[in-house]
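# Topology and contacts: notes
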Amino acid sequence: MTRSPNKLVPADFSAVPSLHVADAVQVAVVDELGAGALDAIGVLVHTTGESPAGIAMDREALARAGFEAKPGSTLVLAGAEPTLLVVVGAGSADELTDAVLRDAAAAFVRAVPKAARIGLRVTSVGSVDAAAAAKALSEGVLLARYRYDPLKAIARETPLARVELHLDGADRAAASAGVAEGRVTARATAIARDLANTPPSHLTATDLADVAAELGERFGFDVESYDKQELIDMGCGGLLGVNAGSAEEPRMIVLGYAPQGESSGHLGLVGKGIMYDSGGISLKPSDPMHLLMKMDMGGAASVLAAFTALRDLGATASVSGWLMCTDNMPSGAAYKLGDVLTARGGTTVEVKNTDAEGRLAMMDGLVLATEAGVDAIIDIATLTGAALMALGPATAALFGTSQPLVDRVRAAADATDEPAWQLPLERKYRKQLDSDVADLSNLGGPYAGAATAALFLAEFVGETPWAHLDIAGTMQSDADDAWRSKGATGYGARMLIDVARDFTPVTDG
Ligand code: BES
Ligand code: ZN
Ligand code: ZN
């Protein structure tokens, strides 16, 4: 079949160009940085103490040049050598964390945009263990150089070829194991970014199903996709309702990972996969927000990306995923305000706003996850502008019916520096979702929009412990910011990996 020139233009186009980049870069823990062959060497410097060996400038000289070793600050030292030397601020040595190391590594990479072969020296990892430090440094380096450029004639970014890490006094084997993990988790985030950055007509629900099948083959998980007729047979009225106005078919993409040995537990992940959200008949106002709505599948992207890491990290849990994929378009066939949709399981929902489509597409997936008998469900969705208004672009909104599960997600959010903040699932607002004609309405009142959306989803999880991440704010960044690159952030992939890899059932008590 010949393709339209507006789809998948370059001959070698892949929806996940980062896979090639991830394969091409070497990352090594070394005893001695290979100075001669490197384009740039970064040296971490703390706010107090002597300046590290190898830096010709003492602390006063660095300060005179305006470098105080604040976290994220860098100074490229002038010199005639072919290898650039960069001091990289890491803040107070006593307050060193893996998040500071990740940020510092990213700052170094951004200070030397043309360097392909780089080395980073860390004089002390403080109380961070060697593996965690090396993992964070690798993630920082690899994610800071991320760029989505497969559709550009001239790539803007120099791809990394070799990264050397030298960690003074750290156990080399542990550090190497950390690097191996960091490569896997950074690759997952890059995959999630690629998928969300891809133009909407280049990545339809059907295309995503094809991509998922390829990734499953390569990274060792099962993928089954359900087309429109199969969704009709399964009674998935939510996903079908949202899809009605679209020229593209919907897909529900079901992912399955089983560990080698006995499984520690079974986690269900449900992702919102709105490939493009125009708002439907409740058309969004024509503002720059439209441009971001190709990323309305960011939740599905991070679930799919998380699966690419499970086998390589030796995950001990069984993990199942449901990606609910369609675009949301206005047309003569589109679902209308006042329509009533029937979810899998029979719950009826009156549509009061076709732009509150995410919860409708998700409801069938949540029911299917409970039917599968998972021990817990975590869903992730670019669900409400209200989450962005409440917490901004740095922090996702977190809700749940099981505090132990919510606590697990919070711990993973802290560990990966993908911040999430719990908001109350206030039952008093539940009546805002009452409908005169159906069991539920898809629209709450004017306030607490993230909470009423969460309350809507809660109707479909039964007794299964459930947590919900609203990533409308964190799905993208307006500018490069440490390891977060401008555009899709891939938020959620690393956090979900952290929760899923050794998941065990939660007990409420
Ligand atoms: N996809 C949007 C939410 C969104 C907004 C994501 C901004 C990322 C950035 C969602 O489908 C939506 O339109 N939600 C509506 C719900 C409302 C109609 C109840 C919203 O938040 O305005
Ligand atoms: Zn919407
Ligand atoms: Zn949406």
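Residues numbered from 1 in each chain as written. Chains lettered and ligands numbered in written order. Predicted model: local features only at pLDDT ≥ 70, side-chain atom pairs only at ≥ 80, totals over all residues. Heavy atoms only, no water.

### A few points about the packing of helix H5 (residues 172–197) against helix H10 (residues 298–310)
Taken N-terminus to C-terminus, the directions of H5 and H10 make an angle of 150°; their axes are 8 Å apart at the nearest point. When the axis of H5 is compared with that of H10, the two are roughly antiparallel. The two elements H5 and H10 meet at a crossing, and its hand is right-handed. Here H5 contributes Val184, Arg187, Ala188, Ile191, Ala192 and Leu195 to the contact with H10, which in turn contributes Ala301, Ser302, Leu304, Ala305, Thr308 and Ala309. Residues of the contact of H5 with H10, tallied by class, amount to nine nonpolar, two polar and one charged. (Axes fitted to C-alpha atoms, helices over the stretch in contact; angles between N-to-C directions. Helix = DSSP H or I, 4+ residues; strand = E, 2+ residues; numbered from the N terminus. Parallel < 35°, antiparallel > 145°, perpendicular 65-115°, else oblique. Left-handed = near helix turned anticlockwise from the far one by under 90°. Contact = heavy atoms within 4.5 Å. Nonpolar A, V, L, I, M, F, W, Y, C, P; charged D, E, K, R; others polar.)

### Topic: the site of ligand 1
Around ligand 1, the structure places 17 residues, and the nearest of them are Lys284, Asp296, Asp355, Glu357 and Gly385. The separation between an oxygen atom of ligand 1 and a polar side-chain atom of Asp355 is 2.8 Å. Backbone polar atom of Gly385 to an oxygen atom of ligand 1: 2.7 Å apart, as the coordinates give it. Contact with the protein chains removes 82% of the 520 Å² of surface that ligand 1 exposes when unbound. (Near = heavy atom within 4 Å. Polar contact = N/O pair within 3.5 Å; in protein donor to acceptor, adjacent residues only side chain to side chain. Areas by Shrake-Rupley, 256 points an atom, 1.4 Å probe, with all protein chains shown as cover.)

### What about the domain arrangement of the chain?
Domain parsing of the chain yields domain 1 (5–191) and domain 2 (199–500). The interface is formed by 29 residues belonging to domain 1 together with 30 residues belonging to domain 2. Overall, the association of domain 1 and domain 2 removes approximately 2,300 Å² of surface from exposure, summing both partners, and the carbon and sulfur fraction of that is 58%. Run the count over domain 1 and domain 2 and you get five salt bridges. Between Arg187 and Asp312 there is a salt bridge whose closest N-O contact spans 2.9 Å. Remark: the boundary between domain 1 and domain 2 carries 12 residue pairs in polar contact (both at pLDDT 80 or more). Elements supplying a minimum of two residues to the side of domain 1 that touches domain 2: helix H1 (18–24), helix H3 (98–111), helix H4 (130–144) and H5. With seven residues, the top contributor of residues to the side of domain 1 that touches domain 2 is H5. Of the residues belonging to the side of domain 1 that touches domain 2, the class tally is 15 nonpolar, four polar and 10 charged. (Domains from an automatic or database assignment. Buried area = accessible area lost by both parts, 1.4 Å probe. Salt bridge = Lys/Arg side-chain N within 4 Å of Asp/Glu carboxyl O.)

### Overview of the coordination of the zinc ion (ligand 3)
Taken together, Lys272 (NZ), Asp277 (OD), Asp296 (OD) and Glu357 (OE) make up the protein donors of the zinc ion (ligand 3), found 2.0 to 2.4 Å from the metal. In this structure, the zinc ion (ligand 3) is coordinated by six donor atoms arranged in octahedral fashion, with angles at the metal of 76 to 170°. Here the zinc ion (ligand 3) and the zinc ion (ligand 2) are spaced 3.2 Å apart, and both take Asp277 as a donor. Separated by 24 residues along the polypeptide, Lys272 in strand E9 (residues 266–277) and Asp296 in the loop between helix H9 (289–292) and H10 bring together distant segments of the chain. Given a relative accessible area of 2%, Asp296 falls into the buried group. (Donors = N, O, S within 2.8 Å, 3.2 Å for Na, K, Ca; no water. Tetrahedral: all angles 85-135°; square planar, octahedral: opposite > 155°, others 65-115°. Buried < 20%, exposed > 50% of the residue type's maximum accessible area, 1.4 Å probe, protein only.)

### Points about a negative patch on the surface
Taken together, Asp222, Glu224, Glu230 and Asp233 make up a surface patch of like negative charges. Among the elements of the structure, strand E7 (222–226) and helix H7 (228–234) are those that each provide at least two residues to the negative patch. For Glu230, a relative accessible area of 34% gives the class partly exposed. (Patch = residues over 30% accessible without salt bridge, like charges linked within 9 Å, V, L, I, M, F, W, Y side chains within 5 Å. Lys, Arg positive; Asp, Glu negative; His and termini not counted. Charge placed at Lys NZ, Arg CZ, Asp CG, Glu CD.)

### Remarks on unusual backbone geometry
The backbone of Ala69 sits at a positive phi, close to 65°, despite the residue not being glycine. By the element assignment, Ala69 lies in the loop between helix H2 (59–64) and strand E3 (74–77). The class for Ala69 is buried, based on a relative accessible area of 0%.

### Quick word on the packing of aromatic side chains
On inspection of all chains with the given rule, the structure shows two aromatic pairs. Pairing Phe221 with Phe307 gives two aromatic rings, centres 5.4 Å apart and planes at 55°, and the pair type is tilted. In this pair, Phe221 sits in the loop between helix H6 (205–219) and E7 while Phe307 sits in helix H10, placing the two residues 86 residues apart along the sequence. Plain terms: the ring middles of Phe456 and Phe460 are 5.4 Å apart, the flat faces sit at 45° to each other, and that makes the pair tilted. Per residue, the accessibility class of Phe456 equals that of Phe460, and both read buried. (Phe/Tyr/Trp six-rings, centres within 6.5 Å; stacked < 30°, edge-to-face > 60°.)

### Things to note about the coordination of the zinc ion (ligand 2)
Distances from the zinc ion (ligand 2) to its protein donors, Asp277 (OD), Asp355 (O), Asp355 (OD) and Glu357 (OE), fall within 2.0 to 2.2 Å. Of note is the zinc ion (ligand 2), whose six donor atoms meet at the metal with angles of 72 to 168° in an arrangement that counts as irregular. Spacing between the donor residues of the zinc ion (ligand 2) along the chain follows D-x77-D-x1-E.

### Details of the packing of helix H11 (residues 358–371) against helix H14 (residues 449–458)
At a minimum axis separation of 9 Å, H11 and H14 run at an interaxial angle of 30°. Between H11 and H14, the angle falls in the class roughly parallel. When you trace H11 past H14, the crossing you get is right-handed. On H14, the residues touching Arg359, Leu360, Met362, Met363 and Leu366 of H11 are Ala453, Phe456 and Leu457.

### Here's the deal with the nonpolar core
Of all hydrophobic cores here, the largest spans 66 residues; its most connected members are Leu195, Leu215, Leu255, Leu304, Phe307, Ile378 and Leu469. With nine residues, the top contributor of residues to this core is H10. There are two domains that each give this core at least three residues, and those are domain 1 (5–191) and domain 2 (199–500). When sequence neighbours within four positions are dropped, the list of residues in contact with Ile378 reads Leu267, Gly268, Leu269, Val270, Leu405, Val409, Ala467, Leu469, Leu496 and Val499. Judged by nonpolar contacts, the second largest core, of 47 residues, contains Tyr335, Leu360, Val367 and Phe456. (Core = buried A, V, L, I, M, F, W, Y, C linked by side-chain atoms within 4.5 Å.)

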